[in-house]
Amino acid sequence: MIVQAKEPILEVHDLTVSYARKPVLWGIDFTLPAGSIAGIVGPNGAGKSTLLKAVMGLVPVASGYVKLFDQPLQAVRNRVSYVPQRESVDWDFPVSVLDVVLMGRYEKLGLLRNPSNADRALALDCLEKMGMAAFARRQISQLSGGQQQRVFLARALAQEADIYFMDEPFAGVDAATEQAIISLLKDMADARKTIVVVHHDLESARSYFDWIVLLNMRLVAVGPTAQVFTNETIQQAYGGRLNLLSQVGDLLEKREFPSREK
Amino acid sequence: MENVINFFSFEDPNVRYVVLGTVLLSASAAMVGSFILLQKKALIGDAVAHSVLPGICAAFLFSGTKDIVWMLFGAFITGWLALVGIDFVTKYSKIKKDAAIGLVLSVFFGVGIVLMTYIQQSGNAAQSGLDNFIFGKAAALIADDLLIFSILAMIILITISLFFKTFTLIAFDRPFAEAIGYPVHRLDLLLTSLTVLAVVTGITAVGVVLMAAMLITPPAAARYWTDNIRHMVLISVLFGAFAGLSAAFVSYVAPAMPTGPWMVVASSGIAFFSFFLAPKRGMLPKLYRQHANRQVIAEENLLKRFYHLGEARSDFTGSHVEHTLIGPDNFGSTKSRSVLRRLRRKGWVTGHDKRWQLTDEGHAKAAKVVRLHRLWELYLTKYMAIAADHVHDDAETIEHILTPELERELEQQLGYPDRDPHDTVIPKV
């Protein structure tokens, strides 16, 4: 079931992504409304993180395009924030918590300028919002998993964007952090920010998100949670019926075939 | 001694050239190397260093001179080709990056050696000294070279300073850097070019083979001393400069000594020193901390023994015979006796004629350890559903590390209890 948003803030059009010729996302096509908290949900290997990376232009796409605010990403980067998976960085890196949050200002600073006192004040403010102000001077290796995630979110806040893409922010965090994050997301949505979250827990997905993108290599369903997040669509996404799709994918890889003819 | 004075007075212009040259080159290499290390590209530095050799030889064959500008030009081109080659092999074959680096490195260095051998056999008079480029000879530095090296070192210094925050971001979180629109690939090229530059500045004095060590060793050592990237780069530069200076000194005192290897020996010495002695991460401080922990455990256990004996006869003030405290005379009791003496030095026990008793301070201390032990046992049975006969061993360790803050929290959560799970009294302090 595909429900289109009325005034879409994100439009993903016929997106296909392949790793070494093997498609991991097939013809994904959907829109999201402004001010929503959207969850990208699906089983392991469904291509959830890949979808986020494709939207952020971090992986090459085999076909299709993405538009944000009706424009290509390059034109609106300063309104877009990306929160990578926590495990994607080396937390033994010799920087402080404040240094990491200040990275959220780098987009506005450009390549050469250094953060000003105003940037520093803003970064501290963002840390405060995540309940991490006391940790500003700490080296990042002294943080717990939940604290690391809070620092990443503080960095995202420092970007002052309008749409946020978060890759598994709830993975491996403590219950208190999970609650802190979800209430932050609700506050942000109230301020008309749009948040797109990769999430793998079906149980909490229903209460966390008001819009759901159900994915398993292809798009299974997208729309308001109450409307599209049904036992039937979940069964479609998690049931084993996609075997054929992955077999064709394997074949494309083996025969070194392009996924599109062009 | 005379040598030392001559050297450090810097009156001899040759000494000045050599010192300035080696310090400049090792400092700039250490600076670039910091970012290579943090980007986990140490092997790339090695590959670049080896790959400039064929470029130097080809430049010599082409120009017929050892003019430094030509050498740099040639070195730059093959250093670059090697990097492109590594990327190409990784992208278009099933060979993994580490193998690709090894492959490209040996092919380029092999070609370099072939060319060098050819040049040496050709009987060209201008070639003498070209082999210095392999292991380096600081004494071969002349004023003209030095001018060029200074310029290159300044270029490296200024570029790294300008792009400091950008390189830091890429090393820490590359996807984020890409997502905010930084031209990550071009910045990679920039850092690689700086690496080639740093290697090239070192070819005369250190030689291509060992230049990789000057890129990586100082920053690796610096990482042991700090958790702040700005300090790390600074310390790395100082280490590099110190290694450069000491090597220049050695080859001044003993002219037969090649500078490059000595530079590497000096910086490895610094690295070993850091590895063993750096305050937080070094090995010896770690061992010392463990030793100190064991001492605390032994002291507190003995204090506890006093307390238990006192508890048994409902009198904490009397003295105890030594062997009831530490057991009969045998090998183990020598150690316990030294613990007793340590306790006496701290004023927690007094004793003579093999009889010992707690002081007031010692009693408070002992009661506190017992108290923490029993509080923890209670916590385990109450909140972690562990059976009362299983909690003792765990509490044996935890009693030594609980802080006053945690103690207060424990008390509060347990509702200020009087008795532990074995129904013995929890002492109040």
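Residues numbered from 1 in each chain as written. Chains lettered and ligands numbered in written order. Predicted model: local features only at pLDDT ≥ 70, side-chain atom pairs only at ≥ 80, totals over all residues. Heavy atoms only, no water.

(A) Geometry of the packing of aromatic side chains. Summed over the entire model, instances satisfying the criterion amount to 17 aromatic pairs over all chains. An angle of 85° between the planes, with centres 6.1 Å apart, marks the rings of tryptophan 91 of chain A and phenylalanine 172 of chain B as edge-to-face. In this pair, tryptophan 91 of chain A is assigned in the loop between strand S5 (80–83) and helix H3 (97–102) and phenylalanine 172 of chain B in helix H8 (residues 164–172), connecting two distinct chains. Each of the two residues, tryptophan 91 of chain A as well as phenylalanine 172 of chain B, counts as buried. Arranged with centres 5.1 Å apart and planes meeting at 35°, the rings of phenylalanine 170 of chain A and tyrosine 208 of chain A form a pair that is tilted. Taken together, the positions of phenylalanine 170 of chain A in the loop between strand S6 (163–167) and helix H7 (175–190) and tyrosine 208 of chain A in helix H8 (residues 202–208) put the pair 38 residues apart, joining distant regions of the chain. Each member of the pair, phenylalanine 170 of chain A as well as tyrosine 208 of chain A, carries the same accessibility label: buried. (Phe/Tyr/Trp six-rings, centres within 6.5 Å; stacked < 30°, edge-to-face > 60°. Helix = DSSP H or I, 4+ residues; strand = E, 2+ residues; numbered from the N terminus. Buried < 20%, exposed > 50% of the residue type's maximum accessible area, 1.4 Å probe, protein only.)

(B) Main features of the layout of surface pockets. Residues and elements named next belong to chain B. Its boundaries defined by the atoms lining it, the largest pocket holds a volume of some 720 Å³. Of all elements in the fold, only helix H4 (68–92) and helix H10 (184–202) reach the threshold of two or more residues within the lining of the largest pocket. Here the lining of the largest pocket takes eight residues from H4, the largest share from any one element. Here the residues of the lining of the largest pocket are counted per class, giving nine nonpolar, four polar and six charged. (1 Å grid on protein atoms, 1.4 Å probe; cavity = no way out; pocket = protein on both sides within 12 Å on 5 of 7 lines; lining within 4 Å. Points joined across faces, edges and corners; volume = space filled by probe spheres on them. Nonpolar A, V, L, I, M, F, W, Y, C, P; charged D, E, K, R; others polar.)

(C) Expanded view of the pairing of S5 of chain A. All names here are of chain A. Of the two faces of S5, the one holding Val80 and Tyr82 and the one holding Ser81 and Val83 are both buried throughout. The sheet contact formed by S5 and S6 spans four bridges and is parallel. Bridge pairing in S6 links serine 81 to tyrosine 164. (Pairing = 2+ DSSP bridges.)

(D) How the structure looks around the sheet that holds strand S4 (residues 63–68) of chain A. Residues and elements named next belong to chain A. Spatially, the three strands line up as an open sheet ordered S2-S1-S4, and their pairing is antiparallel. In this open sheet, the two strands that pair with only one neighbour each are strand S2 (22–33) and S4. Between one strand axis and the next, the sheet turns by 15° as a mean value, whatever way the strands run. In this sheet, S4 lies alongside strand S1 (residues 8–19) in antiparallel orientation, the contact comprising five bridges. Each bridged residue has a counterpart across the sheet, and for histidine 13 the counterpart in S4 is tyrosine 65. Of the strands in this sheet, S1, S2 and S4 touch helix H1 (residues 48–55), which is tilted by about 115° from S1. (Axes fitted to C-alpha atoms, helices over the stretch in contact; angles between N-to-C directions. Contact = heavy atoms within 4.5 Å.)

(E) Structural context of the interface of chain B and chain A. Of the residues lining the interface, 27 residues belong to chain B; the matching set on chain A comes to 29 residues. Among the residues of chain B in contact with chain A, Lys165, Phe172 and Phe176 of chain B are the three that bury the most area, contributing 31% of the side total. Taken together, chain B and chain A are joined by five salt bridges. A salt bridge links aspartate 173 of chain B to arginine 155 of chain A; the nearest nitrogen and oxygen atoms lie 2.7 Å apart. There are 14 residue pairs in polar contact (both at pLDDT 80 or more) connecting chain B and chain A. Breaking the side of chain B that touches chain A down by element, the ones donating at least two residues are H8, helix H9 (174–179) and helix H12 (229–253) of chain B. A total of six residues in the side of chain B that touches chain A trace back to one element, the largest contributor, which is H8 of chain B. (Buried area = accessible area lost by both parts, 1.4 Å probe. Salt bridge = Lys/Arg side-chain N within 4 Å of Asp/Glu carboxyl O. Polar contact = N/O pair within 3.5 Å; in protein donor to acceptor, adjacent residues only side chain to side chain.)

(F) How the structure looks around the packing of helix H2 (residues 13–38) of chain B against helix H7 (residues 143–162) of chain B. Residues and elements named next belong to chain B. Taken N-terminus to C-terminus, the directions of H2 and H7 make an angle of 25°; their axes are 9 Å apart at the nearest point. By the criterion of interaxial angle, the relationship of H2 to H7 is roughly parallel. Note that H2 runs across H7; the crossing there is left-handed. Along the contact surface, H2 presents Tyr17, Leu20, Gly21, Leu24, Ser28, Met31, Val32 and Phe35, while H7 presents Ala143, Leu146, Ser150, Ala153, Ile156, Leu157, Ile160 and Ser161. (Parallel < 35°, antiparallel > 145°, perpendicular 65-115°, else oblique. Left-handed = near helix turned anticlockwise from the far one by under 90°.)

(G) Representation of a nonpolar patch on the surface. All names here are of chain B. Together, Trp225, Phe272, Phe273, Phe275, Phe276, Leu277, Met283, Leu284 and Leu287 make up a nonpolar patch on the protein surface, roughly 830 Å² of accessible area in all. At the level of elements, helix H13 (259–277) and helix H14 (283–312) are the ones that each hand at least two residues to the nonpolar patch. Examining the composition of the nonpolar patch, we find that five residues originate from one element, H13, more than from any other. Tracing the backbone shows phenylalanine 273 in helix H13. Residue classification places phenylalanine 273 among the partly exposed positions, given a relative accessible area of 46%. (Patch = residues over 30% accessible without salt bridge, like charges linked within 9 Å, V, L, I, M, F, W, Y side chains within 5 Å. Areas by Shrake-Rupley, 256 points an atom, 1.4 Å probe, with all protein chains shown as cover.)

(H) Examining the pattern of salt bridges more closely. The final tally for this structure, using the stated rule, is 26 salt bridges over all chains. For arginine 223 of chain B, the salt bridge is made with aspartate 92 of chain A, and the minimal N-O distance between the two is 3.8 Å. In this pair, arginine 223 of chain B sits in the loop between helix H11 (208–222) and H12 while aspartate 92 of chain A sits in the loop between S5 and H3, so the two residues belong to two different chains. Here glutamate 399 of chain B and lysine 304 of chain B are joined by a salt bridge, their closest N and O atoms 2.7 Å apart. Here lysine 304 of chain B lies in helix H14 and glutamate 399 of chain B lies in the loop between helix H18 (392–398) and helix H19 (404–414), a separation of 95 residues in the sequence. Take glutamate 399 of chain B: its relative accessible area is 2%, and that puts it in the buried class. By sharing partners, the salt bridges in this structure join Asp92 of chain A together with Arg223, Asp227, Lys280 and Arg281 of chain B into a single network.

(I) Geometry of H10 of chain B. An ideal rise of 1.5 Å per residue puts 27 Å on 19 residues; H10 of chain B measures up with 27 Å between its terminal C-alpha atoms. Of all 19 residues in H10 of chain B, 15 are buried; the element is thus mostly enclosed. (Expected span 1.5 Å × (residues − 1).)

(J) How the structure looks around empty space enclosed by the protein. This model, assessed by the stated rule, comprises one cavity of 30 Å³ or more. In terms of lining residues, the largest cavity is bounded by Arg77, Asn78, Val80, Gly104, Glu107, Lys108 and Gln159 of chain A.

(K) Fine view of the confidence of the model for chain A. Model confidence for chain A is summarised by a mean pLDDT of 90, while 98% of its residues fall at 70 or above. Within chain A, no element has a lower average pLDDT than helix H11 (residues 243–254) of chain A, which sits at 76, and none a higher one than H3 of chain A, at 96. (pLDDT = per-residue confidence, 0-100.)

(L) Main features of unusual backbone geometry. Residues and elements named next belong to chain A. With phi around 50°, phenylalanine 69 is a residue other than glycine that occupies positive phi space. Within the secondary structure, phenylalanine 69 sits in the loop between S4 and helix H2 (73–76). Residue phenylalanine 69 is classed as buried on the basis of its relative accessible area, which comes to 13%. Residue methionine 217 is not a glycine yet carries a positive backbone phi of 70°. As for its position among the elements, methionine 217 is in the loop between strand S8 (211–216) and strand S9 (218–224).

(M) Focus on the nonpolar core. In terms of nonpolar packing, the biggest core is built from 143 residues, with Ile140, Met166, Leu185, Ile195 and Leu214 of chain A together with Ile56 and Ile160 of chain B touching the most fellow members. If one sorts the elements of this core by residue count, helix H3 (residues 42–63) of chain B sits on top with ten residues. Apart from the residues lying within four places of it in its own chain, the contact partners of isoleucine 56 of chain B are Met71, Gly74, Ala75, Leu130, Phe133, Ile203 and Val208 of chain B. (Core = buried A, V, L, I, M, F, W, Y, C linked by side-chain atoms within 4.5 Å.)

(N) Molecular detail of the packing of helix H5 (residues 117–129) of chain A against helix H6 (residues 145–158) of chain A. Residues and elements named next belong to chain A. For the pair H5 and H6, the least separation of the axes is 8 Å and the interaxial angle reads 135°. When the interaxial angle is binned, H5 and H6 end up oblique. Two packed elements cross with a definite hand, and for H5 against H6 that hand is right-handed. Counting all contacts with H5, which are made through Leu122, Cys126, Leu127 and Lys129, the residues of H6 involved are Ala154, Leu157 and Ala158. Here the contact of H5 with H6 is built from residues that sort into six nonpolar, no polar and one charged.

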